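# Secondary and tertiary structure notes
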Amino acid sequence: MTGKNSSGKEISVLKYIDEYRNPELVKAIITEIDREFSTETIQLMEVCGGHTITIYRYGIHKLLPTNLHLISGPGCPVCVTGVQYIDQAIAIARQENVIIASFGDMIRVPGSSSSLQKEKGAGADIRVCYSPMDAVRIAEKNPEKEVVFLGIGFETTAPTVAAAVESAFEHKIENFSVLSAHKTMPQAMKALLDSGDVDLQGFICPGHVSAITGTHIYDFIARDYHIPCVVSGFEPVDMLQTILMILRQINSNRADVENQYSRSVRESGNPKALELMWEIFEEADAEWRGLGIIPGSGLNIREKYHDFDAKIKFSVDVPPARECAGCICRDIMRGVKVPTDCKLFKIVCNPQDPKGSCMVSSEGTCATWFKYVENELNP
Amino acid sequence: MNHVISLAHGSGGLQSHTLIRELFLEYFGNAALNPLSDGALVKVNSEKIVFTTDSHVIKPLFYPGGDIGKLAVSGTVNDLAVCGAIPRWISCGMIIEEGFPIADLEKIVISMKQTAEYADVQIVTGDTKVVEKGAADGIFINTAGIGDRIEGIELGVQRILPGDIVIINGFIGDHGAAIIKAREEFPVSFQISSDCRPIHKEIIALLSKLDGIRIMRDPTRGGIATTLNEFAGDQPFGILIHEKLLPIRTEVQGLCEPLGFDPLYLANEGKFLLIISSKEADNALEILKSLPGNQNAATIGEVVPEPPGKVILKTHIGSSRIIDMLSGEMLPRIC
């Protein structure tokens, strides 16, 4: 079977899946991991929420030696988005003649006192999109309204949002704008290491982000922090192979950037997508939920495209954000705590009525634990 | 319960069930309704009939493999059939938005006629309302149906026993995937068609030849995960499903992987889940596979004594986990 990637090239979608879920192969790699593992505690961080899902959906953490811990990092786009941003989006949604277009998960994230979903129930025009280009089309069809796309996510989604802005610019669709809270991954990983909050011996690096950025963005981690980095795919065999590659680096006292996911990730990434991203966006400081403001870790729309920047178009001032009392999403994002440390987890916070962003997104650590860890069965 | 209705209350999953139990059942409860089956078993002059109703709202109205008209007739026919009835009569209530093209309405009506002919049912009563522009999304169709309950059969969760086998009559998730794909433009070159169609013929064939059938249900909204939970919920048995046995089209898997959807939760409109005694399971599979449209029928799991009330999935790599009902709406992942 084939599909097309963002550049329109035919790619193989599924040829690998059976192979990468093969129980025999899983067993063989586990044996190797057991062989490579010494008794000393090792902590690896999977940065991406997609990896968190694979780990718990397949129970990979239970197959590993007990002292090998996997810690979930700040790689869920919805989870790292600040409450202030949600409040801004809500304030815009409440204005007359506005359509908010958003990726699905975002509409359920609680702001200080409401959520976009609640606003939708109260009559705001909020539409779920699968692609930022859908929002441009909505703007085209509704020339009398302002269409604001909620641009969140990492290097994976930023180029597609950039393409939407470029298209609106070229076709003079002036009622389209983006409220950008895009973030870039390497600076967040650096901030995490510099905080000293968690002790890590390796990074399982995000596969989709790396497909765009290439693998060199992690070089400084290997070089300056002497921590092995391996870019990983999303199937069980991918992740186990990645863990094995990190262990082998640790055992030979190496710290390199390696690429397990070479079937999708090239060392140089996707230069075309990057070029487009940097055409529209420029580096800016950004607020990360849990990590605070990280210098140079965000993407703001460049001046040339200011007509499409919702922050400028709407100049929304909102009161300082309030987090739900008791919610520890901030600590979970930093890998310092796990969902079961939270007093709200499962008691009042669940996927039907989430109190914090980590319970909203399907990739959020709390949602993943709720769905999978709490439902584990011993083999 | 929340203070206002959200889309999740209509997802067919956990919130829908909560709403039905805590509000509708609370006020409407009676012997025929309480089992919350796909249709009610009632007696008219000592004749047993099954009575059901279903409202159809779908976007887009026309999609690969079907349209709202075909869906409306198939949905009601299938609800009657899985309750062990031969579908006979259907009603058709239409709520149409001002400005809706008559040409589209005619297409829908023709589709309903054709589907009804295939299903051997007559559309015998109806109603039409037109609402102001903006008060509906194109067209909504409600169909109620009546069927003759087949003599001498008994179906229900109370008949399910550990050791029984779970069968599905073909690929899962086709309808849900086709709708997701038809709604949005994805950069994929493959086609996915809805499985929407009446499946009463295969159901009646099985019921007439086998007596070990415990229960049947069409896993529509909420997918097979939700239906299996409806079977197992509060019961003294669990249901074990094997990931490697699930018939899923590569195309459906290919659409689900990048979006973060799980085919277990995707809607089906031409499928039924069947729980049957182990000694008749092979027979059932053989009968099914001999009937057109069911060649990919498969055994996907079995009823187990432990853990009671739960649906368990054994994954490809051998780990096990509990599968819940759909919670909230299914939303695509971002990254």
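Bear in mind the structure is a predicted one, so any value in this text is a computation, not a measurement. (Residues numbered from 1 in each chain as written. Chains lettered and ligands numbered in written order. Predicted model: local features only at pLDDT ≥ 70, side-chain atom pairs only at ≥ 80, totals over all residues. Heavy atoms only, no water.)

Turning to helix α2 (residues 49–57) of chain A, a few remarks are in order. All names here are of chain A. Of all nine residues in α2, nine are buried; the element is thus mostly enclosed. Those residues of α2 that sit buried are Gly49, Gly50, His51, Thr52, Ile53, Thr54, Ile55, Tyr56 and Arg57. Phi for Gly59, located one or two positions after α2, is positive at around 70°. (Buried < 20%, exposed > 50% of the residue type's maximum accessible area, 1.4 Å probe, protein only. Helix = DSSP H or I, 4+ residues; strand = E, 2+ residues; numbered from the N terminus.)

Bringing the domain arrangement of chain B into the picture now. Residue and element names in this part refer to chain B. Per the domain assignment, the segments of chain B are domain 1 (37–149) and domain 2 (157–322). If you average the C-alpha positions of domain 1 and of domain 2, the two centres end up 24 Å apart. Taken together, the contacts link 24 residues of domain 1 with 23 residues of domain 2. Roughly 1900 Å² is buried in total at the junction of domain 1 and domain 2, and carbon and sulfur atoms are behind 64% of that figure. Our count for the domain 1 to domain 2 interface comes out at one salt bridge. For Asp38, the salt bridge is made with Arg217, and the minimal N-O distance between the two is 3.9 Å. Our count for the domain 1 to domain 2 interface comes out at eight residue pairs in polar contact (both at pLDDT 80 or more). Secondary-structure elements contributing two or more residues to the side of domain 1 that touches domain 2 are α2 (68–82), β5 (85–97) and α3 (102–119). Per element, the largest residue contribution to the side of domain 1 that touches domain 2 is nine residues, and it comes from α2. (Domains from an automatic or database assignment. Contact = heavy atoms within 4.5 Å. Buried area = accessible area lost by both parts, 1.4 Å probe. Salt bridge = Lys/Arg side-chain N within 4 Å of Asp/Glu carboxyl O. Polar contact = N/O pair within 3.5 Å; in protein donor to acceptor, adjacent residues only side chain to side chain.)

Quick look at the nonpolar core now. In this structure, A:Phe176 and A:Phe203 are the most contacted members of the largest nonpolar core, which totals 130 residues. Both domain 1 (16–326) and domain 2 (327–372) of chain A contribute no fewer than three residues apiece to this core. Judged by nonpolar contacts, the second largest core, of 24 residues, contains B:Ile172, B:Ile224, B:Phe231 and B:Ile300. (Core = buried A, V, L, I, M, F, W, Y, C linked by side-chain atoms within 4.5 Å.)

Now for the pairing of strand β6 (residues 122–131) of chain B. Alignment of β5(B) against β6(B), held across nine bridges, turns out to be parallel. Bridge assignment links B:Ile95 to a residue of β6(B), and that residue is B:Lys129. (Pairing = 2+ DSSP bridges.)

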